[in-house]
Amino acid sequence: MNRMSWFNAVSLTLGFAFLYIPMVILVIFSFNESKLVTVWAGFSTKWYGELLQNDAFLNAAWVTLKVAVFSSTLATVLGTIAAYVLVRGGRFMGRTLFSGMIYAPLVMPEVITGLSLLLLFIGIGLDRGVFTIVLAHTTFSMCYVSVVVSSRLVTFDRSLEEAALDLGCSASEAFRLVTLPIIAPAVISGWLLAFTLSLDDLVIASFTSGPSATTLPIKIFSAVRLGVSPEINALSTIMISIVTVGVITASLVTKHQVAKQKREEMEAVRS
Amino acid sequence: MNTSAFEPWNDPEAKPLIHFQNVTKRYGEFTAIDNLTIDIYEREFYALLGPSGCGKTTLMRMLAGFETPTEGTIHLAGQDIAPVPPNKRAVNMMFQSYALFPHLSVWENIAFGLKREKMPKHDIGDRVEEMLRLTRLEKFARRKPHQISGGQRQRVALARSLAKHPKLLLLDEPLGALDKKLRQETQFELMDIQEKTGTTFVIVTHDQEEAMTVASRVAVMDHGKIIQVATPDRIYETPNSVYVADFIGDVNLIEGTAKPNGSDVYAMSWHEGHAPLAVQSPNGFSDGQKCHLAIRPEKVSISADKPETADNAVQGKILDIAYLGNISTYHVELPTGAVIKAQAANTRRIARRAFTWEDTVWLSWTATAGVLLAE
């Protein structure tokens, strides 16, 4: 392996410092003894203990999780159907318009999406709560799912579906038994993307949440406005570790699978 | 007549398995299949041969049910199949890309169609085992498609499409992805399996050697039309047009005008100052009609001296020699500027070869060696 040039080493260090120093500081201060966030007064894990006593935070976390699971699942179903129709539906009236409209929310400012949803919910007299947040999150994350799934479907070998039809499947059986299992990785990553987007959304949730339901990002944001407490640092550290573990696991699993597939293909060629 | 020969197309009593009646397929302005009428008989190995874009794949996809004819009807065993969707047809297809389901094992791939038929479980097992034996894949039953080699994948695709006992099996360029040696072996395997199962095979290919090897009859297509349907030897020996003669194998084409000279015998004048060529042809030509003499290079002899008895002999100069190991092709330039190819077996070692570049030689052939074709 080539040794890294000093220029590359410096750029790399600067880049990573830029990305990670804020988080490292946050993690360090979550173990701070002092109540003052910016003054170090020795190591302690007491803020983690207090966090577990804080019902408001725990409730908000539970609401966030529920919203994320429901909305990402709903978004995955709708987004996959939309992607399938857009890629496979052949030519139909308004197809270009329809596919443009599917992707529009990607570039729409969140404030506008949030505001319009709020107006809609008020207009049809829907009480704001968990249900409305789920609907709102589904609305904006389904287009992300649709983008991920349709990019997989474009490269999908059409003759696999034809083979399924040829061997006696109805169209829906072909989708269930052949298409879906093969595009499953894309559907799952679509779901994960929708889940993540829902977890950290603040703007749209604050428009569509009601007094009965507060999500964690809203809770943190309103708490910070009264001053940053070490409890929030602890909470953020927990979230960071969950994300880190998730990302590392996912990449290890993928790496392992790719290596396994390569090995098996090599064996197939040799035999 | 030899009654044991398989020639249902010569039997006026025989009912075709597939009957295309004036079938046309248009995509907008483009005509893929142009008013086509053909019959394919049971147990035939029927090859559709043509350059890409000639409509052979469209024809096959209409049989599978993925395309519907714009005009005309297709009958399978006497039944009009236009309203029958692909999953209800007793027709199976082997795809060019094989289209094996990557998430299923070899065993499950072969069982896939049988499960859709709601066949009892142990019958499925028996049938899959039978197909694995037929295609010599017993050892690979538990493997996934990416865990086996290209040739094995090809056999899985064949086993899967044969598992449901189709009346008709369609093969879309089945050997295109294999290397040459494996392809030749597999051609004989295909013929063997076709004979064992007695299924009617329709194969689409652009490889004329493959079509000649496997097929009972070859249909040469161009621009959505069938140009000629005949057994491989008749396609090669008596092509009905310059297009077929040129598409199948190597051929010399000499242009001239016909002059009848007895029954079925013509004297073709082809160049001023040269004796007319004697040709025997079943195709009728009138006096002075323009025509082409098509003659295969292996039917042209090459010699240093003028042969005494040959019906036709012309003198020329060797322009080029293509050495292919077992045979050599000599490109001989005539004084008229035309180049005629002559093939000779290399019965002696190359160092002792009689002719070399720039040598003056005589080319000769008999009156029955070539065919006379209209333009």
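Thresholds applied
Residues numbered from 1 in each chain as written. Chains lettered and ligands numbered in written order. Predicted model: local features only at pLDDT ≥ 70, side-chain atom pairs only at ≥ 80, totals over all residues. Helix = DSSP H or I, 4+ residues; strand = E, 2+ residues; numbered from the N terminus. Contact = placed C-beta atoms within 7 Å. Expected span 1.5 Å × (residues − 1). Buried ≥ 20, exposed ≤ 12 C-beta atoms within 10 Å, placed from the backbone. Domains from an automatic or database assignment. Core = buried A, V, L, I, M, F, W, Y, C linked by C-beta atoms within 7 Å. Pairing = 2+ DSSP bridges. Nonpolar A, V, L, I, M, F, W, Y, C, P; charged D, E, K, R; others polar. Axes fitted to C-alpha atoms, helices over the stretch in contact; angles between N-to-C directions.

A closer look at the overall build of chain A
Then, in step 1: In terms of regular secondary structure, chain A is built from eleven helices and zero strands.
Then, in step 2: When its helices and strands are written in sequence order, chain A yields α-α-α-α-α-α-α-α-α-α-α.
Then, in step 3: Along the first, second and third principal axes, the C-alpha set of chain A runs to 70 × 65 × 35 Å.
Then, in step 4: By sequence separation, contacts in chain A at least 24 residues apart represent 76% of the contacts at least 6 residues apart.

Here we look at the overall build of chain B
Then, in step 1: Helix and strand counts for chain B come out as eight helices and 20 strands.
Then, in step 2: Principal axes of the C-alpha set define a box for chain B whose edges measure 80 × 50 × 45 Å.
Then, in step 3: When contacts within chain B are restricted to residue pairs at least 6 apart in sequence, those whose partners lie at least 24 apart make up 65%.

Observations regarding helix α4 (residues 150-162) of chain B
All names here are of chain B.
Then, in step 1: For α4, with 13 residues, the first-to-last C-alpha span of 19 Å sits near the 18 Å given by 1.5 Å per residue.
Then, in step 2: Of all 13 residues making up α4, eleven are buried, and the element is well covered by its neighbours.
Then, in step 3: Here α4 has its buried residues at Q152, R153, Q154, R155, V156, A157, L158, A159, R160, S161 and L162.
Then, in step 4: Buried residues belonging to α4 abut β6 (91-94), α2 (106-116), α3 (121-134), β7 (168-172) and α5 (180-197).

Remarks on the domain arrangement of chain B
All names here are of chain B.
Then, in step 1: For chain B, the domain assignment lists domain 1 (8-243) and domain 2 (250-373).
Then, in step 2: Domain 1 and domain 2 are separated by 39 Å when their C-alpha centres are compared.
Then, in step 3: At the junction of the two partners, domain 1 supplies four residues and domain 2 supplies five residues.

Digging into α2 of chain B
All names here are of chain B.
Then, in step 1: The element α2 is largely enclosed, with a buried count of eight among its eleven residues.
Then, in step 2: Residues of α2 that are buried: V106, W107, N109, I110, A111, F112, G113 and L114.
Then, in step 3: Residues of α2 that are buried make contact with α3 and α4.
Then, in step 4: Immediately downstream of α2, the backbone of K118 shows phi near 60°, a positive value.

Looking at the nonpolar core
Then, in step 1: Within the largest apolar cluster, 103 residues are counted, with the highest numbers of intra-cluster contacts made by A47, L63, L170, V202 and A219 of chain B.
Then, in step 2: Of all the elements, α2 of chain B adds the most residues to this core, at six residues.
Then, in step 3: Leave out the neighbours within four places in its chain, and V202 of chain B touches I40, Y46, L48, M60, L63, L168 and L170 of chain B.
Then, in step 4: Among the nonpolar cores identified, the runner-up in size contains 36 residues, and A68, F140, M142 and V145 of chain A belong to it.

Some thoughts on the sheet that holds strand β5 (residues 79-80) of chain B
All names here are of chain B.
Then, in step 1: The antiparallel open sheet is built from four strands, whose spatial order is β2-β1-β4-β5. Unpaired on one side and paired on the other, β2 (30-40) and β5 mark the two borders of the sheet.
Then, in step 2: Pairing analysis gives five bridges linking strand β1 (residues 18-27) to strand β4 (residues 71-76), with the strands arranged antiparallel. Bridge pairing links T24 to E71 in β4.

Considering the domain arrangement of chain A
Then, in step 1: According to the domain assignment, chain A consists of domain 1 (23-53 + 231-271) and domain 2 (56-227).
Then, in step 2: Taking only C-alpha atoms, the centre of domain 1 of chain A and the centre of domain 2 of chain A are 26 Å apart.

Focus on the environment of V245 of chain A
Residue and element names in this part refer to chain A.
Then, in step 1: Take V245: it is sitting in helix α11 (residues 230-270).
Then, in step 2: Overall, the presence of 10 C-beta atoms within 10 Å leaves V245 in the exposed class.
Then, in step 3: Taking the C-alpha atoms as reference points, V245 and Y20, separated by 225 residues in sequence, lie 16 Å from one another.

Here's the deal with the interface of chain B and chain A
Then, in step 1: If you look at the interface, chain B gives 20 residues, while chain A gives 21 residues.
Then, in step 2: Elements with a minimum of two residues in the side of chain B that touches chain A: β6 and α2 of chain B.
Then, in step 3: Among the elements that line the side of chain B that touches chain A, the one with the most residues is α2 of chain B, at three residues.
Then, in step 4: Of the residues assigned to the side of chain B that touches chain A, the class counts are ten nonpolar, eight polar and two charged.

As for the sheet that holds strand β11 (residues 252-257) of chain B
Residues and elements named next belong to chain B.
Then, in step 1: Taken in spatial order, the three strands line up as β11-β14-β20 in an open sheet, and their pairing is antiparallel. Of all the strands in the sheet, the pair left with one neighbour each is β11 and β20 (371-373). Strand-to-strand twist in this sheet, taken as the mean axis angle between neighbours without regard to direction, amounts to 30°.
Then, in step 2: As paired elements, strand β14 (residues 290-295) and β20 share three bridges and run antiparallel to each other. Bridged to A294 within β20 is V371.

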